[in-house]
Amino acid sequence: LFGLDRSTTLRLRGSIREQQAQWTYQEPRLFNHDLEGVASLFFDRCNECFPTVQKPLKTTQWNASLQVLRRLSEFRTLTFLGSYQTVNLHDPRFIERPQFVDESGTIQISLLGTSFVRDHRDNPIYPTKGTFVNSAFQVASRRYWSEVNFTSFTSQALWFKSFGKAVWANSL
């Protein structure tokens, strides 16, 4: 957009049963610094979802997020994230999970997080050698408008080694 390598996308999908919309805006030089900014909104409404369940559901879901990405080097990036989402605990995808058995209704989750990525693969699509490490830490708190408190830490490491035409891939 405007000749500055900015971009915006809008994706719409709809039917009688389900409507979805997603909007994304990307700013490659946020505040004229070496920061990349991404804003995203997502809406999903479903009428008569999961017809195999005794009483079909009507669900509405909203997600919004803001991300700021800082490239520390050619191979390392640091991302800061703020997001908001609504989660319907009556959704059959959650009913089966034992940690949600006593919970009901729709909850709102606001979270702040950060992630670190280190990518030393020779090719991000078809790697034959190298490593990829991604670690993320997120906190949801009632202090900033979340209806639940929790922390989350996830980390993934991938190793690739070439043996002739074969590639050995490991994940932890």
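As a starting point, this report considers the structure included with it. (Residues numbered from 1 in each chain as written. Predicted model: local features only at pLDDT ≥ 70, side-chain atom pairs only at ≥ 80, totals over all residues. Heavy atoms only, no water.)

## Considerations on the overall build of the protein chain
Now for step 1: The helix and strand inventory of the protein chain stands at one helix and nine strands.
Now for step 2: Sequence-ordered secondary structure for the protein chain, helices as α and strands as β, is β-β-β-β-β-α-β-β-β-β.
Now for step 3: Relative to its 172 residues, the protein chain shows a buried fraction of 28%.
Now for step 4: Partitioning the intrachain contacts of the protein chain with sequence separation of at least 6 by distance along the chain shows that 39% fall at a separation of at least 24.
Now for step 5: Summed over its atoms, the accessible surface of the protein chain is roughly 12400 Å², and 57% of this surface lies on carbon and sulfur atoms. (Helix = DSSP H or I, 4+ residues; strand = E, 2+ residues; numbered from the N terminus. Buried < 20%, exposed > 50% of the residue type's maximum accessible area, 1.4 Å probe, protein only. Contact = heavy atoms within 4.5 Å. Areas by Shrake-Rupley, 256 points an atom, 1.4 Å probe, with all protein chains shown as cover.)

## Examining the side chain of E27
Now for step 1: Here E27 lies in strand β2 (residues 18–27).
Now for step 2: Looking at E27, the relative accessible area reads 12%, which means it is buried.
Now for step 3: A distance of 2.6 Å separates polar atoms of two side chains, one belonging to E27 and the other to R6.
Now for step 4: If sequence neighbours within four positions are ignored, E27 has contacts with R6, L35, E36 and G37. (Polar contact = N/O pair within 3.5 Å; in protein donor to acceptor, adjacent residues only side chain to side chain.)

Purely geometric numbers; function is a separate question.
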